[in-house]
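Coordinate inspection notes
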Amino acid sequence: MTDEREAMSPTKIGLGILWPAFWTGLPIKLAFVLVFLAMGVMEFEGRIGLAFIMLLASPVTVFALPIITMGLESHIGEGAGIAFLFLLSIPIDIWALGVVGRTYFLEKFRKEPPDGLGLTLWWKCALVGAIFLPILWFIVGTVTSTAISLAHSLLDMEMLKGVPVAERIGVELALWGSIASAVLIVLLLIGVSLIGRIIRSTAAAAPSASENYQSLVTRWDLMRVPADQGLTFAALALGGVVLSVLFWASLPVTTPHPHECCKKPDVKAQPPFKPLEALNKDEKLIVQLSAQVEALEKKAEEEAQGKNKGKGKAGKEAAKAADSNAPVQSGLRKQ
Amino acid sequence: MAQPSIPSTQPTAIEKVVAFIDERVGLKQMQAKMLNEPVPGGSRWAYVFGSVLLFIFIMQALTGILLMFYYVPTADHAYMSTQYIIHDVDYGWFLLSYHFWGSTAMVVCVFAHMSQVFLWGAYKKPREMIWLVGLALFGIVMGFGFTGYLLPWDQRAYWATTVGVEIMDKTPVVGDFMARFLKGGPTPGQMTLSRFFVIHVMILPAALMGLAGLHLFLFRSAGPAGPFRGTPEEIRAKTDYFFPRQVWKDIVGMATVFACICALAFWEPVVLLEEATPDPGDYHPEPEWYFLFLFQMLRLKIFAGEFGQFLGAVALPGAFMALLAALPFIDTDPERNIFKRPIALIGWILVMVTILLFTVSAIINREFLD
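About the criteria used
Residues numbered from 1 in each chain as written. Chains lettered and ligands numbered in written order. Predicted model: local features only at pLDDT ≥ 70, side-chain atom pairs only at ≥ 80, totals over all residues. Helix = DSSP H or I, 4+ residues; strand = E, 2+ residues; numbered from the N terminus. Buried ≥ 20, exposed ≤ 12 C-beta atoms within 10 Å, placed from the backbone. Contact = placed C-beta atoms within 7 Å. Nonpolar A, V, L, I, M, F, W, Y, C, P; charged D, E, K, R; others polar. Core = buried A, V, L, I, M, F, W, Y, C linked by C-beta atoms within 7 Å. Axes fitted to C-alpha atoms, helices over the stretch in contact; angles between N-to-C directions. Parallel < 35°, antiparallel > 145°, perpendicular 65-115°, else oblique. Expected span 1.5 Å × (residues − 1). pLDDT = per-residue confidence, 0-100.

When you go through chain A residue by residue, the secondary structure sums to twelve helices and two strands. Scanning chain A from its N terminus toward the C terminus, one meets helices and strands in the order α-α-β-α-α-α-β-α-α-α-α-α-α-α. Expressed as a percentage of its 335 residues, the buried residues of chain A come to 22%. Taking as baseline every contact in chain A between residues at least 6 positions apart, the subset at least 24 positions apart corresponds to 83%.

Written out as structure tokens, the structure is:
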């Protein structure tokens, strides 16, 4: 059994630690990703899926991604949030690698996990990632572009020109996709195996755990249970509440991606309506208008009287006109 | 001499309420039954998909209800009301985008859940019924995607539905009836929208709730299958109750999926095309991404013509589903370790590679159409 443990493949060891560590840190990192997205401090362009994986697999990409972005001119996004997320990921990854590493040491190696295992594993993973991932990126990129042009030229041969479009796409994709996937998988396995070797060498120096299997299970199980559960729960709940409030406060009320058809017109805000001021203003206006009407009536009466004195016939017609206007004027006066 | 303080034995108000309910419905027994389920081999991340699916469904129901406050299921208002949700309702764009990406997450999780059950050999005796009900649930999830796609009433919705109904029409015996029933007329219109809306918000949710309940009941009756590897001693040593470790993993799984859907709603929020018309114009009809592989397969020469279309659209998928349904009765070998079931492993890899290859091909094919 001991020989079997010592002969464990480094790829298996690397996967056994990196895979669960990735998932352990992921939910916490995702919460921050969400808040940064809502705040608009992080934006992705193009290869969203790749950027997502690169960001969340930060134990190995923390130094590799900046190198790839700068050295190989692969632009995945913009915003201070990306750099800030990487900084935040460092303690999260150290914690995740520590939890997973301690369990793995006890379960698979039956060795006592050394102090500061999380930090040791983190810097070793980050270093391997910083050297290996840019190489992988370059090789896979070159192989993929070469395979695509090879597949194109193969299907452009005279005897294969009659192949219909759908079949042609499928065959080309199968050709270059299988070559690129094979190279990617082989290189990924080599990278994981490198990390596995480093972990195995760390484990070789650790003392053996003397308990039986049942005691070891209990031990690694209890390692994950916080000493003060109430405090942990309260801290988690508080963190959740703060992040939720931040998220909803920063979330845009209307769509941050307005469609061409639905651009909102610029509308100036109306001044607030003050009922008392509006009433006073209207009363003043009514008084002013009534005075004007009265003045006009007076003027009309004076003119009519002047004309009656001068002309007999014309005076009778003016009197008739004045009589016909009388109900309207009296109505105005009442108002 | 000071007397030592005696702890109060008086129950608190909450304890009284709990005791009151417990006396009437057996709350504590129910709780014990639900939470103290032994999980052979202990809790695992691979087991979270079922709970995550239930969570996604609840969130879909919740966001769907909120969207229904504004959505008008009529041919002359569906498009405008959806635009109104996106552009005028407070957080409406986020709700709609969450609902859209939630449906995608549901399909992905159904695939993951079915793959996990298949690879773990958890469909084998005595869990055949769980597998069969699960397949029916898979059909319902696909039905949700298909019927929900029409509701925004834009060109994408209209033409995806037209293509989908035409494919359905090719089914022998019931195809013509199904297509006429769904369309409610010669071309998609008000009757189609009404029928799709009713199926989407009434029939499918009711069916899903009933079958999900049955699925859970059957699962609880048979018990979890546990890991396919490990000595009996190891499995016994690791066996744990459902609470708290598996519950914690499920919660983390749900939170992760929730955050992923929210992030996707940000990255790619729903944007409608032009309003639906019977003239496709420059738009090249295609279904939702999870049907793209089938759509691309139908473009192959081998599936050309009336018979070819029937073969690719109905016969092959039907035969595949029939094979899945018959699987627990064909594969009676009790061996569950996937590495000792080479046919199952190779078959699963082949299916996944085919789906991936044809889906990516369909995306590349867009360049040739534009």
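Okay, the overall build of chain B next. Along chain B, the regular secondary structure elements total 14 helices and two strands. Expressed along its principal axes, the backbone C-alpha trace of chain B runs to roughly 95 × 55 × 35 Å. Within the span of chain B, comprising 370 residues, buried residues form 31% of the whole. Long-range contacts, defined as pairs at least 24 residues apart, comprise 79% of the intrachain contacts of chain B with a sequence gap of at least 6.

We now examine the interface of chain A and chain B. Taken residue by residue, the interface counts 29 residues in chain A and 33 residues in chain B. Looking at the side of chain A that touches chain B, the elements that each hand over two or more residues are α2 (10-39), α8 (165-204) and α9 (213-223) of chain A. Counting residues per element, the side of chain A that touches chain B draws most heavily on α2(A), which supplies eight residues. Of the residues assigned to the side of chain A that touches chain B, the class counts are 22 nonpolar, six polar and one charged.

To continue, consider the nonpolar core. Across soluble globular proteins, nonpolar side chains show a tendency to be buried alongside one another. Counting residues in each nonpolar core, the largest one holds 90 residues, and the members touching the most others are L34(A), V52(B), I56(B) and C262(B). Considering every element that reaches this core, the biggest residue donor is α2(A), with 15 residues. If we ignore the near neighbours within four places in the chain, the residues touching L34(A) are F247(A), A259(B), C262(B) and A263(B).

Right, let's get into the packing of helix α6 (residues 80-109) of chain A against α9(A). Residue and element names in this part refer to chain A. Here α6 crosses α9 at 180 degrees, and the two axes come no closer than 10 Å. Classified by the angle their axes make, α6 and α9 are roughly antiparallel. Counting all contacts with α6, which are made through R102, T103, L106 and E107, the residues of α9 involved are L216, R219, W220 and M223.

This part is about unusual backbone geometry. All names here are of chain B. P126 follows K125 through a cis peptide bond whose omega is 10 degrees. Looking at the element boundaries, P126 is found in the loop between α5 (92-119) and α6 (128-150). Here the residue pair F243 and P244 is connected by a cis peptide bond, since its omega of 10 degrees sits within 30 degrees of zero. Here P244 lies in helix α11 (residues 242-267). Residue Y91 is not a glycine yet carries a positive backbone phi of 60 degrees.

Let's shift gears to α11(B). For α11(B), with 26 residues, the first-to-last C-alpha span of 36 Å sits near the 38 Å given by 1.5 Å per residue. Taken as a whole, α11(B) has its buried residues at Q246(B), D250(B), G253(B), M254(B), V257(B), F258(B), A259(B), I261(B), C262(B), A263(B), A265(B) and F266(B). Buried residues along α11(B) sit against α2 of chain A together with β1 (38-39), α3 (49-68) and α5 of chain B.

Another aspect to go through is the confidence of the model for chain A. Residues and elements named next belong to chain A. When the pLDDT values of chain A are averaged, the result is 83; 84% of them are 70 or greater. The lowest-confidence element of chain A is helix α12 (residues 312-334), averaging 50 in pLDDT; the highest-confidence one is α8, averaging 94. Predicted confidence for residues 326-335 stays below pLDDT 50, and this span has two contacts to residues more than four positions away or in other chains.

Okay, the confidence of the model for chain B next. This prediction gives chain B a mean pLDDT of 91; 98% of its residues lie at or above 70. The ipTM value of the predicted complex is 0.80, and its pTM value is 0.80.

The subject of this paragraph is the environment of E166(B). Note that E166(B) resides in helix α7 (residues 155-169). Given 15 C-beta atoms within a 10 Å radius, E166(B) is considered partly exposed.

All names here are of chain A. The topology assignment puts L175 in helix α8. Taking the C-beta count within 10 Å as the criterion, L175 has 17 such neighbours and is therefore assigned partly exposed. Taking the C-alpha atoms as reference points, L175 and L150, separated by 25 residues in sequence, lie 9.0 Å from one another. When near neighbours in sequence (up to four residues on either side) are disregarded, L175 contacts A147 and A151.

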